[in-house]
Amino acid sequence: MDYLPIFLDIRAARVLVVGGGEVAARKVGLLQGAGARVVVVSPELGPALTAAKAHGTITHIARPFTVADVAGARIVIAATNHASTNKRVYQAATAARVPVNVVDHPALCTFIMPSIIDRSPVLVAVSSGGTSPVLARLLRARLESLVASTYGALAAFMARRRPEVRQKITSAAHRRRFWERVLQGPAAELLLAGQEAAAADAFERELAEPAGSGVGLVSLVGAGPGDPDLLTLRALRLMQEADVVVHDRLVAAPILALCRREAQRIDVGKDAGHHAVPQGEINRLLVELGASGRRVVRLKGGDPFVFGRGGEEIDALVEAGIPFQVVPGITAALGCAAYGHLPLTHRDYAQSCVFVTGHCRKDPLTLNWQALAQPRQTLVFYMGVAALPGISRELMAHGLPGTTPAALIERGTTPTQRVLTGTLATLPGIVAEEAIEPPTLIVIGEVVRLHERWTRRADEALTSDLRAAG
Ligand code: SAH
């Protein structure tokens, strides 16, 4: 170790910053965040520090640095453009035995400042020991995504409960085990999800039964349309902490591969007879797993609340008193639109967009065709391939021209995505010719012209590139 990492208490301490520019202002902000009284020595101030001075949050000494300025300072930071001034600050501070940092000059520092992830009171500090600030910043960015933004609230909650826990659980070893369980259990997870009241309930249950209350948490997690890059940070964290993952057939293998390796996986997309597990049985399974005290992730394709029957699963959990949370995912329409270069709205073509299911309980399709067959509106059909001939016929019968552009997006956002375009009238024929398979989304509306235009441009560019190269 070239440096000893420490966290310094500078609340109400006098801290000296030499320099008045942007870099100095950033350091001042940081020091003030830690409660310091900041004195800035600089003949001039940039806009940020001028504003701070006007607000009375800094003391400004408007002249060049003198050796006497370091007296009484807890730490000194130099951020000027003058090498000679920076050097003099360093010499004065070291002579007075005051810790000093000259920004971006490790050789003129008796301490260095790490990159930080601030979830106060939780702090994570990262340093490359001055060798590569960029590397430290990149590492910080990675850690940012791992440490949920609500960790501060979690730590504050635990701090409030400590006295009570100390009183109730007298053995230190038992207390440690209790905290380990709480921090990996439903109370902590509910707090991270912003559900304070439910978290407090879960905490009380744990405290009332220190041997373990046995009630877990079920998270309904949207896995997105296929590309693992489209997972949310929370989805990824929950998948990596799960004890059990209950997933649909629609959830792609590369996404399942990101779940904790030891987690039990239950595929409810098909059973031994290759049939999907009935919804009632899935509901019962989730209740049973939740009641067993495990961290359950119910992983669903796209978003849990878009044609995902998430509502029915939550009904069952509420009925049984099992804590739950819902983590949104990118629904197929949004993923396919983005990866298929097919905007769902565009001010020249469509002012509204409707998501419709092509899989109805009753047959023939009992949809409000009049409302769907409107101009300047994009229609997105989920689960619509089988019913496409009927959909196409009904929309035309209710006034949508057969020439309306339409697209099929098969396995959207995955490496094998296919986008096929035609018209409302020709689409059913394309399905048969191209042997389209699920999952496929149908998009109907003028916006499909944009996809065609952009694709043609890209093709032309490629052809002319090839010609130029050849
Ligand atoms: N909850 C999911 C939808 C479930 S319904 C979501 O929000 O996306 C299943 C239907 O979604 C499929 O029949 C198909 O129409 C569509 N779908 C899901 N993933 C898809 C993908 N990667 N590409 C194209 N369509 C997809």
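Residues numbered from 1 in each chain as written. Predicted model: local features only at pLDDT ≥ 70, side-chain atom pairs only at ≥ 80, totals over all residues. Heavy atoms only, no water.

A. Just the overall build of the protein chain, in detail. In terms of regular secondary structure, the protein chain is built from 17 helices and 17 strands. Taken over the C-alpha trace, the protein chain has a radius of gyration of 30 Å; the compact-globule value for 470 residues is 23 Å, which it surpasses by more than 25%. When its C-alpha atoms are laid out on the principal axes, the protein chain stretches across 90 × 70 × 45 Å. Across the 470 residues that make up the protein chain, the buried fraction comes to 42%. Within the protein chain, counting contacts between residues at least 6 apart in sequence, those at least 24 apart form 62% of the total. Put simply, the protein chain shows about 24900 Å² of open surface, and 56% of that area lies on carbon and sulfur atoms. In the protein chain, 50 positive and 43 negative side-chain charges are present, and the distance between their average locations comes to 9 Å. (Helix = DSSP H or I, 4+ residues; strand = E, 2+ residues; numbered from the N terminus. Rg over C-alpha atoms; globule rule 2.2 N^0.38 Å. Buried < 20%, exposed > 50% of the residue type's maximum accessible area, 1.4 Å probe, protein only. Contact = heavy atoms within 4.5 Å. Areas by Shrake-Rupley, 256 points an atom, 1.4 Å probe, with all protein chains shown as cover. Lys, Arg positive; Asp, Glu negative; His and termini not counted. Charge placed at Lys NZ, Arg CZ, Asp CG, Glu CD.)

B. Looking closely at the pairing of strand 6 (residues 115-119). Side chains Ser115, Ile117 and Arg119 project from strand 6 onto a buried face, and the interleaved Ile116 and Asp118 project onto a face without burial. Here strand 6 pairs with strand 7 (residues 122-126) via five bridges, running antiparallel. Bridged to Arg119 within strand 7 is Val122. Counting the residues between successive antiparallel strands, the hairpin from strand 6 to strand 7 contains two residues. (Pairing = 2+ DSSP bridges.)

C. Molecular detail of the packing of helix 6 (residues 172-183) against helix 8 (residues 196-208). The geometry of helix 6 relative to helix 8 is characterised by a closest axis approach of 11 Å and an angle of 150 degrees between their N-to-C directions. Taken together, the axis directions place helix 6 and helix 8 in an arrangement best described as roughly antiparallel. As helix 6 packs across helix 8, the resulting crossing turns out to be right-handed. Facing helix 6, whose interface residues are Phe178, Trp179, Arg181 and Val182, helix 8 presents Phe203, Glu206 and Leu207. Class assignment for the residues of the contact of helix 6 with helix 8 results in five nonpolar, no polar and two charged. (Axes fitted to C-alpha atoms, helices over the stretch in contact; angles between N-to-C directions. Parallel < 35°, antiparallel > 145°, perpendicular 65-115°, else oblique. Left-handed = near helix turned anticlockwise from the far one by under 90°. Nonpolar A, V, L, I, M, F, W, Y, C, P; charged D, E, K, R; others polar.)

D. Highlighting the pattern of salt bridges. Tallied over the entire structure, the rule returns 21 salt bridges. Asp9 is paired through a salt bridge with Arg11; the nearest N and O atoms lie 3.1 Å apart. For Asp9, a relative accessible area of 43% gives the class partly exposed. Across the pair Glu204 and Arg161 runs a salt bridge, and its minimum N-O distance is 2.7 Å. Of this pair, Glu204 sits in helix 8 while Arg161 sits in helix 5 (residues 151-168), and the two are 43 residues apart along the sequence. Three or more residues joined by partner-sharing salt bridges are found here, namely Asp243, Arg260, Glu262 and Arg295. (Salt bridge = Lys/Arg side-chain N within 4 Å of Asp/Glu carboxyl O.)

E. View of the sheet that holds strand 11 (residues 295-300). Read from one edge to the other, the open sheet built from five strands follows the order 10-9-11-8-12, with strand pairing classed as parallel. At either margin of the open sheet sits one strand with a lone partner, and together these are strand 10 (264-267) and strand 12 (324-327). When the angles between neighbouring strand axes are averaged without regard to direction, this sheet yields 20 degrees. Strand direction decides the pairing type here: strand 8 (residues 217-222) and strand 11, joined by six bridges, are parallel. When the bridges of strand 11 are listed, Gly222 appears paired with Lys300. Most of the contacts of helix 9 (residues 233-241) go to strand 12, to which it runs at about 135 degrees, and overall it touches strand 8, strand 11 and strand 12. Together, strand 8, strand 9 (244-247), strand 10 and strand 11 form the strand contacts of helix 11 (residues 279-291), whose direction differs from that of strand 11 by roughly 155 degrees.

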